[in-house]
Protein chains: 2
Amino acid sequence: MLLSKSCVYGLRAALYLASKEKEEFTPIKPMSERLEISFHFLTKILQQLTANGLLESFKGPNGGVRLAKSPDKLALIDVVLAIDGPKLLTECALGLPGCGLKNPCPLHDKWAITRDSIRDMLANTTLTDLVEKGKKENLRLTEDGDFEQLLRD
Amino acid sequence: MLLSKSCVYGLRAALYLASKEKEEFTPIKPMSERLEISFHFLTKILQQLTANGLLESFKGPNGGVRLAKSPDKLALIDVVLAIDGPKLLTECALGLPGCGLKNPCPLHDKWAITRDSIRDMLANTTLTDLVEKGKKENLRLTEDGDFEQLLRD
DNA sequence: CTATTTTAAGATAAAAGACTCTTTAATTAA
DNA sequence: TTAATTAAAGAGTCTTTTATCTTAAAATAG
């Protein structure tokens, strides 16, 4: 799998937050229900995003999380780096430690090109991009949901 | 990780076999030592490649495995499909089941393009390509080895 | 035929990833 | 100040992947 499951959940959660026009704090409990992710598991993932400055959290009644920046300033790569770290963009395709320009494996050059295209795609796609597309075409962020029901109160 | 560890080992093993000019059967035991992969683990991986028609095996004294085709007819994608299956080329980046043209996720279109570039790279790179590059530049297939010592008797 | 060398298969163990549950700490509404 | 609500942290479980160990079956050299 390209992205870890935690990372995928983080992406879905970020898109969910980005899709809310209001800038209130969103409580995790209902969020986990809408996204069909275990509350405690989602909580940990969101904590990582908060620790990395992508989200802001607020404790107490009416607390929750919200995006720390405008969603058009947040790219998918930000979420991926916060949760999976840089290994997708740095690791050798043949799993050799220290593979790089200095001590490459036979596949290094070709993989570096492919890897860059992955990085560019993730870096050039913002949360806003996907939310707009999702709303316009009423796509889904869960197995059987769609944007409309996702945003319904 | 893009490829499973089994798949990476399978690729290294395929490259090792492709780098031998002789078309004899190569016993797995010394091969596992050269590639620094557990003998039994490598055996299972090679069995998958044999079952998928990429390798031929031969039992008994002077037995072992060899490529079933010319290495310039074997692309990396063949090994990847044999071991990891097609999921890298079919799975949704957001992990949603059944994601495709009919019922896409918001990221589907962009991911499909990126995924194609991965597939093309793997499909357009043959074992011969990498072996020639590895021999010419004396690169490595193991953590600290290089092609010269890999092929030494 | 016999001994040896190998592939092959199955059971088992260790490690990593995914997920859950429990407890603690912080914050605020009332 | 108290009760309610939340984030946060930690321990522990389940599942998958990775890796090992044991045994069986096949094939051939001699």
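This text goes with the structure placed above it.
Computed from a predicted model, the values in this text were never measured in an experiment.

(A) Spatial organisation of the protein's contact with DNA strand D. The local shell around DNA strand D holds 23 residues, among which Ile28(A), Lys44(A), Gln47(A), Ser38(B) and Phe41(B) are the closest. At the protein interface, 64% of the atoms of DNA strand D within 4 Å belong to sugar or phosphate. Lys59(B) is positioned such that a nitrogen or oxygen atom in its side chain is 3.4 Å from a sugar or linking oxygen of DNA strand D. Mapped by element, the contributors of at least two residues to the surface near DNA strand D are helix 3 (39-51) and strand 1 (55-58) of chain A together with helix 1 (5-19) and helix 3 (39-51) of chain B.

(B) Geometry of helix 1 of chain B. Spanning 15 residues, helix 1 of chain B covers 21 Å between terminal C-alpha atoms, matching the ideal 21 Å at 1.5 Å per step. Helix 1 of chain B sits mainly inside the fold: 14 of its 15 residues count as buried.

(C) Here's a closer look at the interface of chain A and chain B. At the junction of the two partners, chain A supplies 41 residues and chain B supplies 40 residues. Surface buried jointly by chain A and chain B totals about 3400 Å² across both partners, of which 65% is contributed by carbon and sulfur atoms. Interface area lost by chain A to chain B is led by Leu94(A), Pro106(A) and Arg140(A), which between them contribute 22%. Across the chain A-chain B interface, the total number found is 2 salt bridges. Joining chain A to chain B, the criterion identifies 11 residue pairs in polar contact (both at pLDDT 80 or more). Among the elements of the structure, helix 1 (5-19), helix 6 (108-124) and helix 7 (127-137) of chain A are those that each provide at least two residues to the side of chain A that touches chain B. Of the residues forming the side of chain A that touches chain B, the biggest block, 8 residues, is contributed by helix 6 of chain A. Each residue belonging to the side of chain A that touches chain B can be placed in one class, and the counts come to 23 nonpolar, 9 polar and 9 charged.

(D) How the structure looks around the protein's contact with DNA strand C. The full set close to DNA strand C counts 22 residues, and Ser38(A), His40(A), Ile28(B), Lys44(B) and Ser57(B) are the nearest of them. Counting only atoms of DNA strand C within 4 Å of the protein, the sugar-phosphate share comes to 63%. A distance of 3.5 Å separates a base oxygen of DNA strand C from a polar side-chain atom of Lys44(A). Lys59(A) is positioned such that a nitrogen or oxygen atom in its side chain is 3.5 Å from a sugar or linking oxygen of DNA strand C. For the surface near DNA strand C, the secondary-structure elements that each account for two or more residues are helix 1 and helix 3 of chain A together with helix 3 and strand 1 (55-58) of chain B. Looking at the surface near DNA strand C residue by residue, the classes come out as 9 nonpolar, 8 polar and 5 charged.

What counts as what
- Residues numbered from 1 in each chain as written.
- Chains lettered and ligands numbered in written order.
- Predicted model: local features only at pLDDT ≥ 70, side-chain atom pairs only at ≥ 80, totals over all residues.
- Heavy atoms only, no water.
- Near = heavy atom within 4 Å.
- Polar contact = N/O pair within 3.5 Å; in protein donor to acceptor, adjacent residues only side chain to side chain.
- Helix = DSSP H or I, 4+ residues; strand = E, 2+ residues; numbered from the N terminus.
- Expected span 1.5 Å × (residues − 1).
- Buried < 20%, exposed > 50% of the residue type's maximum accessible area, 1.4 Å probe, protein only.
- Contact = heavy atoms within 4.5 Å.
- Buried area = accessible area lost by both parts, 1.4 Å probe.
- Salt bridge = Lys/Arg side-chain N within 4 Å of Asp/Glu carboxyl O.
- Nonpolar A, V, L, I, M, F, W, Y, C, P; charged D, E, K, R; others polar.

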